[in-house]
Amino acid sequence: MRKLGLLGGAAVALGFMAGAAAAQDAPFSDPPVLTTVAPGAAAPEERPEMFGELPAPPPSGDEVVARLDVVLLPSKIWNANSGMTDDVELRAYRDALHPAEPGRPYVAPTLVSRPGQTVRVKIRNLLPAEANCPGHPADINVPHCFNTTNLHSHGLWVSPAGISDNVLRQLPPNPDFTYEYEYNIPGDHPAGTFWYHPHVHGSTAIQVASGLAGALVIKGDRLPRVDAATKAVIPGDVDLLLRKAPDHVFVLQQIQYACRDADGKVKTNADGTWRCDAGQVGKLDGYDLFGGPRWKNSGRFTTVNGATVEVLEQKAVAGAPERWRFVHGGVADTVKVSIRKRIGKKSLEAIAKAGAISQDALIAKECAPSSQAIAQFEIAADGLTREAVQERTSTVLQPGYRSDILVSFPEAGSYCVIDEQVDVKKDAIEGSSDRRQLLFLVDVVAGQPKAATPRDQVKTLLVEAARNLPITDPALAESVVAGLERDLSLAAFKPHASLLAAKPDHDQPLIFSLSVEPAKPGEKKGPGLGRTKETMRRFDPNDFSRTLVLGDTDRWTLETADVGHPFHIHVNPFEVESVIDAAGVDLTQQAGSQYFGMKGVFKDTVFVEPGVKVNVRTHYERYIGDFVLHCHILNHEDAGMMEMVRIADRGPDGKPMALGHGLTDAVGPEGAARPHTGH
């Protein structure tokens, strides 16, 4: 697998709805850029301006340092169902170099880096201490220790060991100690959109759903080039084609706080939606708030950069393509993004008062029909540049997904960005809302008069940029331009070579189920996964039956025994080969399927619909160590739908070698003895 990369990113500006009247009076920038400080450099005295492109990381030195405090933070969240703000107290990341933004702290700042840098994230866990934590109950798959945290760099191609992307670490509350993460970003790391969040088994969902999730952008400026020895094309970074395009990050979250009555039950309105009375403080304090239909019943809104139904403060320009980086950092809802011209005239105050059950009627009056949705042009999935731009009118985002799209507004005016209705039983995660939601509005000002279609505008942007690239090989320079002119080809910027023609070394089946028998007496049935229906297990941190060999290329077949589940594996991404339904049809070739156009696309998270087989290929490169795969419905993960994975060095016989000095406790099916982890 070719691995290349560089870095690219930018921030977005949204106003925060602290209340209906506050919509037009007190806009704030979103999300802030995480402060990065070169060794020896002074911390910035003032928060940088957040509009336009993100500032690059410090040019001096090989390291950048970020400082985050994990805090229990009181704030307010606008509740459109009640028409008032709710007092809440939720876990949040706080940039230690700057105070939290007023009223909108539950989206983490954006971290920006470059390949070849070492990124140090220093964390203080200032949450309240809990009895018997860190630790585990008798059944490890009962959610527990809600204030013990750690950090996962979702999608980064870095080591899973030590103080790198090691999700087996546990960081308990300790105001007197600073925990450190060290991400050595390889010099050949792909540029793209990634994200970070906690990943302690037993508390991941409750922390991420509080707002502990932030974008992590790798910025790149490497040119495509021809390898002198092999004559192969070494890909460059698509960021080079987008230097003139505004670049925005949108972090989507579902913050599922609730208020309880004297008996501990969630308080509800007459329509069943959740409510908080005056004087109460909404909290995320139990796993009874997750799963089943609870997200829809809650009436809560998917927030965008911590805001609900707002106007993008930096105005777009008609005919000028923009890069939008979507990060699904939520836990409870599938989001299907479409963009339509606004046709209504309601005030922002009136729009902000439309509760969850009123969203369909609001969208019908305020926004053009779905048949008139404007085009989106996806250039990258899960942070990895595609072989070619894909044009479509909606983008499905499952939890953990990222999608980089180019948007070119055809004319001036106001536009609705909508979370469209989905088929929850087939296309969405368990508990998703089947109602539409207005995510935010965009004001578009007039640009230069252009008769070109949005596709032609996107092509012009990319082709003109490509013609100005100082590529030294004339044939390569010509082919880059010709490919873009022909079919918007990004082949010279795709960071991974295809694995589809390779002969797999092993088959790796995986089945998800919500009803797996426990492995130990006294434990309960619950979420789990395994190779076959007969061998499915709930999470066991000492089970390394999935031991893989460094350098192998494997074919994975993913299925579910019940509802849909988003599959996520750490360290190495995978390439989608096919998605076969019960009739034998490959859904990657079927327009209208969420898998359409996904063949040959590299990802790190993919949704597994009921009744399909998702076939993917992956290559284990560079890194050995222990990590996990799991369902990215994070409450499923915390309840046992996760599996340990080990990548080991290749032995003389082609099988994985045991790590350590022969201190083992079992042998996996591939023949590798494995040491006890001590987790």
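The rules we used
- Residues numbered from 1 in each chain as written.
- Predicted model: local features only at pLDDT ≥ 70, side-chain atom pairs only at ≥ 80, totals over all residues.
- Heavy atoms only, no water.
- Phe/Tyr/Trp six-rings, centres within 6.5 Å; stacked < 30°, edge-to-face > 60°.
- Helix = DSSP H or I, 4+ residues; strand = E, 2+ residues; numbered from the N terminus.
- Buried < 20%, exposed > 50% of the residue type's maximum accessible area, 1.4 Å probe, protein only.
- Lys NZ or Arg CZ within 6 Å of the ring centre and 35° of its normal.
- Core = buried A, V, L, I, M, F, W, Y, C linked by side-chain atoms within 4.5 Å.
- Contact = heavy atoms within 4.5 Å.
- Expected span 1.5 Å × (residues − 1).
- Disulfide = S-S within 2.5 Å.
- pLDDT = per-residue confidence, 0-100.
- Salt bridge = Lys/Arg side-chain N within 4 Å of Asp/Glu carboxyl O.
- Pairing = 2+ DSSP bridges.
- Axes fitted to C-alpha atoms, helices over the stretch in contact; angles between N-to-C directions.

The next subject is the packing of aromatic side chains. Within a pair of aromatic rings, the relevant descriptors are the distance that separates the centres and the angle that separates the planes. Counted under the stated rule, the structure contains 16 aromatic pairs. For the ring pair F146 and Y287, a centre distance of 5.5 Å and an interplane angle of 35° mean the geometry is tilted. With F146 in the loop between strand 4 (118-125) and strand 5 (152-154) and Y287 in the loop between strand 12 (281-282) and helix 2 (294-298), the pair connects residues that are 141 residues apart, well separated along the chain. Residues F146 and Y287 agree in their burial class; the two are buried. Here the basic side chain of R300 rests over the ring of Y257, its NZ or CZ set 3.9 Å away from the ring centre. Its end group placed over the ring of F544, R646 keeps NZ or CZ at 4.0 Å from the ring centre.

To continue, consider the nonpolar core. In terms of nonpolar packing, the biggest core is built from 57 residues, with W324, F409, W556, F567, Y595, V606 and V614 touching the most fellow members. Of the residues forming this core, the biggest block, 4 residues, is contributed by strand 22 (residues 437-445). For F409, the contacting residues outside a window of four places in its chain are A316, A318, G319, W324, I339, I374, Y415, V442, V444 and Q457. Ranked by size, the runner-up nonpolar core spans 34 residues in total, among them W195, A205, Y257 and A258.

A word on helix 6 (residues 454-467). Because each turn of an α-helix spans 3.6 residues, side chains separated by three or four positions end up pointing in the same direction. The terminal C-alpha atoms of helix 6 lie 20 Å apart, and with 14 residues this matches the ideal 20 Å at 1.5 Å per residue to within 8%. If you check which residues of helix 6 are buried, you get P454, Q457, V458, L461, L462, V463, A465 and A466. Residues of helix 6 that are buried in the fold lie against strand 17 (376-381), strand 18 (384-392), strand 20 (402-407) and helix 7 (474-487).

Attention shifts here to the state of the cysteines. Per the counting criterion, the structure on display carries 3 disulfides. Across the disulfide, C133 is cross-linked to C145 (sulfur-sulfur distance 2.1 Å). Every disulfide takes its handedness from the sign of the S-S torsion; for C133 and C145 that torsion is -90°, giving left-handed. Taken as a pair, C133 in the loop between strand 4 and strand 5 and C145 in the loop between strand 4 and strand 5 lie far apart in primary sequence, 12 residues in all. A relative accessible area of 8% places C145 in the buried class. Covalent S-S linkage joins C259 and C276, the inter-sulfur distance amounting to 2.0 Å. Between C259 and C276, the disulfide has an S-S torsion of 100° and is therefore right-handed.

When pLDDT drops low, the exact placement of atoms in the prediction is not to be read closely. Considering every residue of the protein, the mean pLDDT works out to 87; 86% of them sit at 70 or more. With pLDDT under 50 throughout, residues 1-53 is counted as low confidence; its partners more than four residues away or in other chains account for 213 contacts. For the stretch residues 662-667, pLDDT sits under 50, and the model shows 15 contacts to residues farther than four places along the chain or on other chains.

This paragraph deals with the pattern of salt bridges. Under the counting rule described, the total for this entry stands at 42 salt bridges. With its nearest N and O atoms 3.9 Å apart, the salt bridge here joins R222 to D237. Residue R222 is found in the loop between strand 8 (214-218) and strand 9 (225-226), and its partner D237 is found in the loop between strand 10 (233-234) and strand 11 (247-254); the two are separated by 15 residues along the sequence. Note that R386 and E378 form a salt bridge whose closest N and O atoms lie 2.8 Å from each other. Across this residue pair, the class does not change: R386 and E378 are buried.

Moving on, we get to the sheet that holds strand 33 (residues 642-648). Two pairing modes exist for strands in a sheet, parallel and antiparallel, and in both the strands are linked by backbone hydrogen bonds. Spatial strand order, 25-33-32-27-30: 5 strands in an open sheet with mixed pairing. Each edge of the sheet is formed by a strand with only one pairing partner; in this case those strands are strand 25 (547-549) and strand 30 (605-608). Within the sheet, the average angular offset between the axes of one strand and its neighbour, ignoring direction, is 25°. Here strand 32 (residues 625-631) runs beside strand 33; their pairing, made up of 6 bridges, is antiparallel. If you follow D626 over to strand 33, its bridge partner there is R646.

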